[in-house]
Amino acid sequence: MHFTSESVETLVEQLSKLPTIGRKTAQRLVSFILKMSSDDVRQIADALIAVKERVIFCSTCFNVTDDDPCPICLSDRRDHALICVVEEPGDVVAIERTHMYRGVYHVLGGVISPLDGIGPDDLRIRELVKRLSPSVNGESGESTTAVQEIILAVNPSVEGDTTAYYISQLLAPFHVKISRLARGIPIGSTLEFTDEATLSRAIESRVEL
Amino acid sequence: MLLHSLRLKDFRAHAASDIQFGTGMNLVCGANGIGKTNILEAIHFLSLTKSFLTSKDQYLLRHNAPFFELIGEFAGEHRKQINVRVAFVLGEGKKIFVNGSPVERKADHIGTIPTVLLSPQDYALTAGGPSERRRFINNIVCQASSSYLDDLLRYRRTLKQRNEVLYRMKRFGPGGGEDTLESWTNELVEIGTRIVSARLKFCSVFSELLTDAHVLLGDVVERPSFEYRGVGGTSLTDKPADIKAAFWSALRREKHRERHRGITLVGPHRDEITFFLDDLDLRRYASQGQHRTFGMALKLAQFQYLRNVTDETPIMLLDDVFDNLDRERIQLFIRILQNEGMGQSIITAARKEILDEFVELDAEANKLIELPMFMENKLTEVPVHTE
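Keep in mind the model is a prediction, meaning the values are calculated, not measured. (Residues numbered from 1 in each chain as written. Chains lettered and ligands numbered in written order. Predicted model: local features only at pLDDT ≥ 70, side-chain atom pairs only at ≥ 80, totals over all residues. Heavy atoms only, no water.)

## Brief notes about the interface of chain A and chain B
Here is step 1: Every contact between the two is made by 23 residues of chain A and, on the other side, 24 residues of chain B.
Here is step 2: When the two sides are added together, the surface that chain A and chain B hide from each other amounts to roughly 1900 Å², 51% of it contributed by carbon and sulfur.
Here is step 3: Here aspartate 161 of chain A ties to arginine 154 of chain B by a salt bridge, and the two come within 2.6 Å at their closest N and O atoms.
Here is step 4: At the boundary of chain A with chain B, the tally comes to nine residue pairs in polar contact (both at pLDDT 80 or more).
Here is step 5: At the level of elements, helix H8 (158-171) and helix H9 (196-204) of chain A are the ones that each hand at least two residues to the side of chain A that touches chain B.
Here is step 6: The biggest single contributor to the side of chain A that touches chain B is H8 of chain A, with seven residues.
Here is step 7: Each residue belonging to the side of chain A that touches chain B can be placed in one class, and the counts come to nine nonpolar, six polar and eight charged. (Contact = heavy atoms within 4.5 Å. Buried area = accessible area lost by both parts, 1.4 Å probe. Salt bridge = Lys/Arg side-chain N within 4 Å of Asp/Glu carboxyl O. Polar contact = N/O pair within 3.5 Å; in protein donor to acceptor, adjacent residues only side chain to side chain. Helix = DSSP H or I, 4+ residues; strand = E, 2+ residues; numbered from the N terminus. Nonpolar A, V, L, I, M, F, W, Y, C, P; charged D, E, K, R; others polar.)

What follows is the structure, encoded as structure tokens:
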């Protein structure tokens, strides 16, 4: 099925390139866009271009940012001895929402997945090792505390598990504390409605009181 | 578990069928190709979200139909009303609803409606390769524990990833990913160990049940037993730590062969289960009839196992299993099915005479269901207008 307007057809095709958006969703988006005011549409278009032109990766943590280094890496209210390793920039947002974590981050940009052709060199793993090396701290000339703990906050997929193991082996010579996020029952849920796989992992990694 | 009624819409040979079942033995009769087995296939689908004859759901569609629908009204011993509905739409896939609400993960549904199937395909279970027997164990343990299913899926994914690394190393040398191999091996061993220990735990319970089944079938079967040879030669008495150690050392032994071949050669995906009849390897020495009765013993043990762990009496599905059996064995098996505590069974046969002489068919408990049941199933001639 094709539209009589070629512009509409082109936009549908372009929007379908995005993840989770198929042709049908793209068509709905386009018919909505057609009803929007020109100003609103321009704002979306400008935002799309700006995100590509202005956003860069922080040279320390590789999170997305407008300025390098990013505000988190620059902040002196953060504990720079504590690094939380995540897969994607979106994971930083998720952890920041908790307002619980006061350390800094390191964004890997994915996980090791041979089937997708992604190896350690395609991720920011070497850069993480560099952050632990004392020479970096020496270069800055400041008396920054060396890294004391790494929290591996990767997803509990087999790829995430393997990446976490790989990193932990790589960091073993540094003698830093390495931890992983606990797996357990979501808050607001009840035991009754927790699936067995999650529940059995939660029993496995139970905590002493 | 009882199945009260089953509705099939555009499923295999059924355009629209509505079938009521009795609480005991149900005999489904009719000519070849009329759709007897399809009824068992439908019940199997409602229980395990897949057919036992094909892995492709689109093959289950009636010719040229865009979707099929199955509705089963079940009654459990704990939940009085379990209404399972499956809708499959070509190009969109299947959806499962229990009492009207959608099931998000198939794993959550599997085990709700326990069923045990006996079919001519069981021959492959005792006579075929080890993968059939691993699938048999996987199917039962999955129905009993959904964390096992989760581990199985994770193991398959890890295996695929690790094989990719080995393949790349074979093609491109160590630069193909040797640095990550150990991490994948670690994940493989972690999950694989959980799978092997779950299987071993299952086997120790199951072997007792198999002995019990032998007593039931005592007149006609030699003593059945089986042996599970896990990764690195682990056996029933081993603890997880032992399994893990055996797994690692087996991997070390096969290290060079794995790199040479570019695939994972060690793990629960290659474990072997051997069946014995009076200490003779069944696969090699047994006759057709012995295979068949051993298959029955396995299914009876499966029935007991599921009843014990799910606290529900499974529904027995028997597809054409009596056709090649002698009178004595048919009579014995029918008597077992009528035992106290055996619950509901649904049996297909080409001729109703097979059961007539042993079972009193009434409308209440033991019911005769003759196909075809509805006019819709028959092709009617459409008058042609020639204007």
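## A short note on H9 of chain A
Here is step 1: Here H9 of chain A has its buried residues at Ala197, Arg201 and Ala202 of chain A. Looking down the long axis of H9 of chain A, one finds its buried residues gathered within 135° of arc, a one-sided arrangement.
Here is step 2: Buried residues belonging to H9 of chain A abut helix H5 (146-172) and helix H6 (178-216) of chain B. (Buried < 20%, exposed > 50% of the residue type's maximum accessible area, 1.4 Å probe, protein only. Arc of directions from axis to C-beta.)

## A few points about the packing of aromatic side chains
Here is step 1: One pass over the structure, following the stated rule, counts 11 aromatic pairs over all chains.
Here is step 2: Both rings, one in phenylalanine 45 of chain B and one in phenylalanine 68 of chain B, keep their centres 5.8 Å apart while their planes meet at 85°; by these two values the pair is edge-to-face. Here phenylalanine 68 of chain B lies in strand S4 (residues 67-75) and phenylalanine 45 of chain B lies in helix H1 (residues 36-48), a separation of 23 residues in the sequence.
Here is step 3: Given the relative accessible area of 0%, phenylalanine 45 of chain B is considered buried.
Here is step 4: For phenylalanine 68 of chain B, a relative accessible area of 0% translates into the label buried.
Here is step 5: Put simply, the rings of Phe136, Phe202, Phe206, Phe226, Phe275, Phe294 and Tyr305 of chain B touch in pairs and so form one group of aromatic residues.
Here is step 6: Above the ring of phenylalanine 57 of chain A, the side-chain terminus of arginine 124 of chain A is found at 5.9 Å from the ring centroid. (Phe/Tyr/Trp six-rings, centres within 6.5 Å; stacked < 30°, edge-to-face > 60°. Lys NZ or Arg CZ within 6 Å of the ring centre and 35° of its normal.)

## As for the sheet that holds strand S10 (residues 272-277) of chain B
Residue and element names in this part refer to chain B.
Here is step 1: Across the sheet, which stays open at both edges, the three strands sit in the order S9-S10-S11 with antiparallel pairing between neighbours. Where the open sheet ends on each side, the last strands, each with one partner, are strand S9 (224-229) and strand S11 (280-281).
Here is step 2: As judged from the six bridges shared by S9 and S10, these two strands associate in the antiparallel manner. Opposite tyrosine 228, over in S10, you have isoleucine 273 as the bridge partner.
Here is step 3: Docked against the sheet, helix H4 (residues 130-144) engages S9 and S10, running at close to 95° with respect to S10.
Here is step 4: Lying on the sheet, helix H10 (residues 288-310) is in contact with S9 and S10; it crosses S10 at an angle near 115°. (Pairing = 2+ DSSP bridges. Axes fitted to C-alpha atoms, helices over the stretch in contact; angles between N-to-C directions.)

## Focus: the confidence of the model for chain B
Residue and element names in this part refer to chain B.
Here is step 1: Of the residues in chain B, 94% have a pLDDT of 70 or more, and the chain-wide mean is 87.
Here is step 2: Confidence, read as mean pLDDT per element, is least for helix H12 (residues 353-356) in chain B (76) and greatest for S4 (96).
Here is step 3: Note that pLDDT drops below 50 for residues 375-387; the model gives that stretch nine contacts with residues more than four away or on any other chain.
Here is step 4: Overall fold confidence (pTM) sits at 0.79, and the ipTM for the predicted complex is 0.73. (pLDDT = per-residue confidence, 0-100.)

## Describing the environment of threonine 25 of chain A
Here is step 1: Residue position: threonine 25 of chain A is located in helix H2 (residues 23-35).
Here is step 2: Between the C-alpha atom of threonine 25 of chain A and that of methionine 100 of chain A, which follows or precedes it by 75 residues, the distance is 37 Å.

## Here's the deal with unusual backbone geometry
Here is step 1: That bond from aspartate 68 of chain A to proline 69 of chain A is cis: its omega, -5°, falls within 30 degrees of zero.
Here is step 2: Its location among the elements puts proline 69 of chain A in the loop between strand S2 (64-65) and helix H4 (71-74).
Here is step 3: In this structure, histidine 99 of chain A is a non-glycine residue whose phi angle is positive, near 55°.
Here is step 4: Mapped onto the fold, histidine 99 of chain A is located in the loop between helix H5 (89-96) and strand S4 (103-107).
Here is step 5: With relative accessibility at 69%, the residue histidine 99 of chain A sits in the exposed group.
Here is step 6: Of note, aspartate 279 of chain B is a non-glycine position whose phi angle comes to about 70°, a positive value.
Here is step 7: With respect to the helices, strands and loops of the structure, aspartate 279 of chain B is situated in the loop between S10 and S11.
Here is step 8: Among the residues examined, aspartate 279 of chain B registers a relative accessible area of 56% and is labelled exposed.

## Description of the domain arrangement of chain B
When the parts come together, some accessible area is lost, and that loss is often what is quoted as the size of the interface.
Residues and elements named next belong to chain B.
Here is step 1: Along its sequence, chain B is carved into domain 1 (1-114 + 312-387) and domain 2 (122-311).
Here is step 2: Relative placement of domain 1 and domain 2: their C-alpha centres are 30 Å apart.
Here is step 3: At the interface, 23 residues of domain 1 touch 19 residues of domain 2.
Here is step 4: Here domain 1 meets domain 2 over a buried area of about 2000 Å², counting both sides, of which 66% is carbon and sulfur.
Here is step 5: In this assembly, domain 1 and domain 2 are joined by zero salt bridges. (Domains from an automatic or database assignment.)

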